[in-house]
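What follows is each chain in one-letter form.
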Amino acid sequence: MSGLLRRPADRLADVAPGWLVEAVRPVPVRPRWGAMARVAASVTTPLLVAQLAGRITLGLLPSMGAMAAALADRGGSYRARVIRAGAGAIGGATGFLIGHSVPGLGWWTVAAVVLASVVSALVSTAGGAGSYGALQLLVMTVIGLGVPFPETPVRGALMYLAGALWSLLLSVAGWPLDPRAAEKAAVAGVYRTLARLAEDPRASDVLETFDTALKRAYEVVFGARSSAAGPDPERTRLTALLNEASRIRHALVALVQEDRGPPPEVVDGLRSLAEALERDRHPVTVPFETGSPALAALCAAVRGAADLISGRSVAEAEEERPYERVGPGAKLRQIARGMCSGHLTRVYAIRLALCMGAAAVVSELHWLERSYWAMLTVALVLKPDFGSVFARAVQRGLGTVVGAVIGTAVLYVVPYGPAILIPIAIFAALLPYGQQRNWGLMSTFQVPVVVLLVDLLTGAGPRIAEIRLVDTLVGCAIVLLLGYLPWPASWEAPVRPRFADAVAATARYLRHAFEPGHPGRAVAQRRAFDALADLRTVFQRAVTEPPVVSRRVTTWMAPMTALEQVADATAATVARTGHGAPPPSDEAVRDVVRCLDAIADGVRAGTPVRGRPCQVERGPLERVSRAVSGLRGTLEGG
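1. What to know about the confidence of the model for the protein chain
- Mean pLDDT over the protein chain stands at 78; residues scoring 70 or higher make up 80%.
- Confidence, read as mean pLDDT per element, is least for helix α1 (residues 2-15) in the protein chain (47) and greatest for helix α8 (residues 153-171) (92).
- Predicted confidence is poor over residues 226-230, with pLDDT under 50, and the contacts of this stretch with residues over four places away or in other chains come to 2 contacts.

2. Notes on helix α16 (residues 372-381)
- The buried fraction of α16 amounts to 10 of the 10 residues, a majority that puts the element mostly inside the structure.
- Those residues of α16 lying buried are Tyr-372, Trp-373, Ala-374, Met-375, Leu-376, Thr-377, Val-378, Ala-379, Leu-380 and Val-381.

3. Focus: the packing of helix α9 (residues 181-199) against helix α12 (residues 264-279)
- Contact pair α9 / α12: the axes reach a minimum separation of 8 Å and the direction vectors enclose 165 degrees. Here α9 is positioned roughly antiparallel relative to α12, judged by the angle of their axes. Our pair here, α9 against α12, has a crossing hand that is left-handed. Between α9 and α12, the contacting residues are Val-187, Ala-188, Tyr-191, Arg-192, Leu-194, Ala-195, Ala-198 and Glu-199 on the first element and Val-267, Leu-270, Arg-271, Leu-273, Ala-274, Leu-277 and Glu-278 on the second.

4. Details of the nonpolar core
- Ile-143, Phe-149, Met-356, Trp-373, Met-375 and Ile-424 are the most contacted members of the largest nonpolar core, which totals 84 residues.
- In contact with Met-356, not counting residues within four places along its chain, are Val-113, Ser-117, Leu-138, Val-142, Met-375, Val-378 and Ala-379.
- Ala-195, Val-221, Ala-251 and Val-267 belong to the second largest nonpolar core, which has 50 residues in total.

5. A short note on the packing of α9 against helix α11 (residues 233-257)
- One can describe the packing of α9 onto α11 by two numbers: an axis separation of 10 Å at closest approach and a directional angle of 15 degrees. Relative to α11, the element α9 is oriented roughly parallel. With respect to the hand of their crossing, α9 and α11 are arranged in left-handed fashion. Between α9 and α11, the contacting residues are Glu-183, Lys-184, Val-187, Val-190, Tyr-191, Leu-194, Leu-197 and Ala-198 on the first element and Glu-234, Leu-238, Leu-241, Leu-242, Glu-244, Ala-245, Ile-248, Arg-249 and Leu-252 on the second.
- Split by residue class, the contact of α9 with α11 holds 12 nonpolar, no polar and 5 charged.

6. A closer look at the packing of aromatic side chains
- Under the criterion given, the structure shown has 3 aromatic pairs.
- Aromatic side chains Phe-96 and Phe-149 sit 5.7 Å apart centroid to centroid with 70 degrees between the ring planes, which places their arrangement in the edge-to-face category. Placement of Phe-96 in helix α5 (residues 78-99) and of Phe-149 in the loop between α7 (127-146) and α8 is noted, with a sequence separation of 53 residues between them. Exposure class is identical for Phe-96 and Phe-149. Each is buried.

7. A look at the environment of Gly-407
- The residue Gly-407 is located in helix α17 (residues 389-413) in this model.
- Given a relative accessible area of 0%, Gly-407 falls into the buried group.
- Sequence-wise, Gly-407 and Val-450 are 43 residues apart; in three dimensions their C-alpha atoms are separated by 9.1 Å.

8. Thoughts on a nonpolar patch on the surface
- Together, Ile-90, Leu-97, Val-154, Leu-158 and Leu-161 make up a nonpolar patch on the protein surface, roughly 450 Å² of accessible area in all.
- In terms of residue count, α8 provides more of the nonpolar patch than any other element does, 3 residues in total.
- A relative accessible area of 53% places Leu-158 in the exposed class.

Quick notes on the rules
- Per chain, residue numbering runs from 1 following the sequence as it is written.
- It should be noted that, the model being predicted, local features are given only for residues of pLDDT at least 70 and side-chain atom pairs only at 80 or more, the latter also being counted only at that level, while totals for whole chains, interfaces and linings use all residues.
- Hydrogens and waters are ignored; side-chain quantities use all the structure's heavy atoms.
- On a range of 0 to 100, pLDDT expresses the predictor's confidence in each residue.
- Strands here mean DSSP runs of E at least two residues long; helices mean DSSP runs of H or I at least four residues long; both are numbered from the N terminus.
- Contacts were defined at the residue level, with two residues in contact if any of their heavy atoms lie within 4.5 Å.
- For every residue, the accessible area (1.4 Å probe, protein chains only) is compared with the maximum for its type, and the residue is labelled buried under 20%, exposed over 50%, or partly exposed between those bounds.
- Axis definition: a line fitted to C-alpha atoms, limited for helices to the stretch in contact. Angles are taken between N-to-C directions and run from 0 to 180 degrees.
- Any angle from 65 to 115 degrees is called roughly perpendicular, while one under 35 is roughly parallel, one over 145 is roughly antiparallel, and all others are oblique.
- In this scheme the handedness of a crossing depends on how the near helix is turned from the far one: anticlockwise by less than a right angle means left-handed, clockwise means right-handed.
- Among buried residues, the Ala, Val, Leu, Ile, Met, Phe, Trp, Tyr and Cys ones that are joined through side-chain atoms within 4.5 Å form a nonpolar core.
- The residue classification treats Ala, Val, Leu, Ile, Met, Phe, Trp, Tyr, Cys and Pro as nonpolar and Asp, Glu, Lys and Arg as charged. All others, Gly included, are polar.
- Only Phe, Tyr and Trp rings are paired, with Trp represented by its six-membered ring, and only when their centres lie within 6.5 Å; those with planes under 30 degrees apart are stacked, over 60 edge-to-face, the remainder tilted.
- Residues qualify for a patch when their relative accessible area is over 30% and they have no salt bridge, like charges being joined within 9 Å and the nonpolar side chains of Val, Leu, Ile, Met, Phe, Trp and Tyr within 5 Å.
- The Shrake-Rupley method, run with a 1.4 Å probe, gives the accessible areas here. Residue values count only the displayed protein chains as cover.
- Counted as salt bridges are all cases of a side-chain nitrogen of Lys or Arg within 4 Å of a carboxyl oxygen of Asp or Glu.

What follows is the structure, given as structure tokens:
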């Protein structure tokens, strides 16, 4: 099957422009069968219960709430999953309450849509959960406006919440059996990637995969709040294991710089660690020799991880927490600042309100038969944290074409009534798979689900899919013409400021990297590699833009590679100096930090880098200073 699909895709890649291929290319992933079954059960159970009660349409709003909560579950700790699903449920119920209360008010309806858009844009700044809740707020406002549900606004909102609660119960069903399952799985994934890296330490793609997995695992572990009254030994142990994984990674890079490879015993030992974490058992300890500072650092980190898995005390690990603690008050103040200030927030709020207002005007003029779907498309496409607006519009347009054809075919084949639950279950099960791969594939599976659900209420038949297609393409056109083309920010991918941030974070890490007792060293190290991971994400999104943007973005590829070499050289030198190699002088460190700060300032201002070049001198910091000189030379040459 995959071979048959791949051949047409390869032929399309041969004739289509490169930027368009990148915009629609699905990400290769493995299906998550458990999540697929859970989403199918979440969406269809309310409909099945309503059918048994004699009125299947009573299950529509609970089914929509269940679908929103199910798609909110993207893994992570149980606490994080509950917060995200809860935000989506509250946002969706509030949106339905608003939308179902204002239909038929003429131009006041347009004003209500614009106001809801502004609120949604502001709430989107409150992290991942806030963004998802804001999306559901806007989506259900539009659905409440356009779909003639017989329920009252309050009753409909409560039914939506009931469906979301049902889906949430399915998501957290495993919590009583193993409350730390998600955190342990994230840490085990880090060590699996680490074992792959040990087999080929020079594989840059595996190194990037490891950095991303490590960042994600830290977020999962720290996002899980302990139910214990005091310190949580298990979370402390998992944090310590991630710290050791970071040390192993840096030691492997140090070995590469010494032109060495890890001995087979180390590779076997890392495989044993990954298996022990996955199967919750003691690892097999393998003795090996240490012949250099880098190898000594690697062996010490591997032994430390093995001891942690075997049950060694981890009281000291809490002192090496690689993130600063932030209290609830500080988080709320940070969220409030994000909502009330910031140029990007204001621009996004204006763009979203303008596009939603235009779609609402089209709806009031009755130019389209079911024009609320145009508003729905605008809401789904114009989100700031889902990647490129252009790519989403293209993906959603293509996905809707395919999904509408599928939905039409299903409505022709499947008779109206309970039999429609079968294709709804199939397409609902495919939603998590499409969500993993790309926005267009998710639309391909989501369109038939929504078409079939709405058909249960309206009985419009196959023509509803055709209407969905036209309205969605109109919504994509509104986004591109009003929310993308007129705005200068659309043509300037934010690679430059993120690059400057990553350089500055690397400088802060280097400033105290050779001071083992400095309290902020672990935080600075983690922030430097997190900044590099964020920079890669922004770059990958930007290359899906049209050539006028992506062609300029590709010029940052060489400086990004040079900056990663600076960070790796720093971490590798730290690993070596911690196990026998001589440390650099304070003056040499200050000189390199000064060069990095000058580079960051020049990049952020868009001006040539000022100040004297970094001096490359023989000594412990030679590789780092040489990498910094290479970074500066790459920027000056580009």
